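Each chain is listed here by its residues.
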Amino acid sequence: MLDVLGTLEADAVRARARGLEPEAEEIFFFGASVGALFGVRRRDGSRVAIKVNKLFGDEAYFADVQELQARLAAGGYPAPRPLRRVGTATVDEWLDAGEFRNAHEPPVRRAMARELVRFHRLATATGVRPRREFLRPAGALWPKPHNALFDFEATTAGAGWIDDIAAAARAVADVPVGAEIVGHTDWSAKHLRFDRGLRPTAVYDWDSVTTGLEPELVGTAAASFTYTEELEEEIDVWPSADESRAFLAEYEAERGAPFAEEERAVARAACVYLRAYAARCHHAFGGDARQTGLEELASTLLVSDTL
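Here's what I pulled together on the structure shown here. (Residues numbered from 1 in each chain as written. Predicted model: local features only at pLDDT ≥ 70, side-chain atom pairs only at ≥ 80, totals over all residues. Heavy atoms only, no water.)

**Some remarks on the sheet that holds strand S4 (residues 82–86)**
For the record, the criterion: Two strands pair under a simple rule: DSSP has to find at least two bridges between them. Secondary structure counts use DSSP, requiring at least four H or I residues in a row for a helix and at least two E residues in a row for a strand, with both numbered from the N terminus. In this analysis, axes come from line fits to C-alpha atoms, helices being fitted only over the stretch in contact, and the angle between any two N-to-C directions falls in the range 0 to 180 degrees.
Read across the open sheet, the five strands follow the order S1-S2-S3-S5-S4; overall the sheet is antiparallel. Since the sheet does not close on itself, it has two edges, and those belong to strand S1 (24–32) and S4, each with one partner. Each strand axis lies, on average, 20° off the axis of its neighbour in the sheet, ignoring direction. For S1 and strand S2 (residues 35–42), the ladder comprises seven bridges, and the chain directions are antiparallel. The residue of S2 that forms the bridge with Ala-32 is Ala-36.

Structure, rendered in structure tokens:
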């Protein structure tokens with residue numbers, strides 16, 4: 001929270017939200033990770049979501065994201081309707097219809113793969129092309145960590161096996177193949193709500209939307225689609241190698257056409273790289289990175305002469 005808002009003082013945090021929403025009557029929700037999210041009830045009874053974004057600083061990007069949200073919401077897509085923007089802070093309607101679901105359940109996994117295809121098609125068809133800043137410098141293995149808690153430079157000891165897998169994955173994932181689309185880089189169970197028929201009722205985290213190549217975006221989703229902290233039950237947040245492989249296959253089936261061999265290789269490599277990044281964060285925070293299932297994923301999905 002300190003990295004995002006610059007303070008840990010509760011009154012100062014509340015003042016930040018009230019400064020972004022002068023009609024605020026009650027702050028009924030607060031969460032902080034890559035950004036800070038406030039749920040605010042206004043004097044007229046309406047509820048809004050205020051997100052303070054720290055990782056990306058391009059105001060034009062957020063303007064494009066809100067334009068995309070507005071067009072999709074107008075067409076009936078379950079996107080929070082954007083209300084306004086203050087710099088890189090966004091104010092949207094509060095949307096909480098439906099329920100979070102456990103994506104380890106095959107019907108939920110299939111629903112997420114199906115919805116990702118629909119999202120790609122609808123978002124790309126708008127003609128709006130949000131492009132996020134590229135946080136991985138040219139030639140670098142890792143991007144700037146998304147949270148100040150993860151200091152990669154200070155935690156290199158014991159991380160060599162993770163770096164080796166990541167380097168092998170990037171060598172494949174960096175091949176520029178596939179169609180350019182508008183996608184979502186954190187397509188995970190914590191960012192979707194569903195009705196009882198597994199139709200999506202809310203899609204969140206719009207600052208994860210960007211324009212990129214389809215195979216890499218789909219592979220990234222396959223690496224972490226089960227991730228959530230929103231369920232009462234305790235689950236393994238990471239999909240197994242078999243689950244990631246099934247997600248990719250279900251995406252291709254819903255897409256109506258399989259990926260070409262080179263595209264499929266890129267998708268699988270992107271899946272491994274995203275999990276390697278998660279393992280590297282886990283290691284940097286002092287955890288056992290092998291609990292992320294990276295080794296199994298790499299041995300199952302990654303075709304590389306360097307492993």
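**Looking at the pattern of salt bridges**
Pairs can form between side chains of opposite charge whenever their charged atoms are close. The line we're drawing: For salt bridges, the criterion is a side-chain nitrogen of Lys or Arg within 4 Å of an Asp or Glu carboxyl oxygen. Only protein chains enter the accessibility calculation, which uses a 1.4 Å probe. A residue is then buried if its area is under 20% of the maximum for its type, exposed if over 50%, and partly exposed in between.
The final tally for this structure, using the stated rule, is 22 salt bridges. A salt bridge links Glu-26 to Arg-41; its shortest N-O distance comes to 3.0 Å. With a gap of 15 residues between them, Glu-26 in strand S1 and Arg-41 in strand S2 connect regions that are remote in the sequence. The class for Arg-41 is partly exposed, based on a relative accessible area of 28%. A salt bridge links Asp-174 to Arg-170; the shortest N-O distance between them is 2.7 Å. A relative accessible area of 40% means that Asp-174 is categorised as partly exposed. Salt bridges linked by common partners bring Arg-136, Arg-170, Asp-174 and Glu-216 together as one network.

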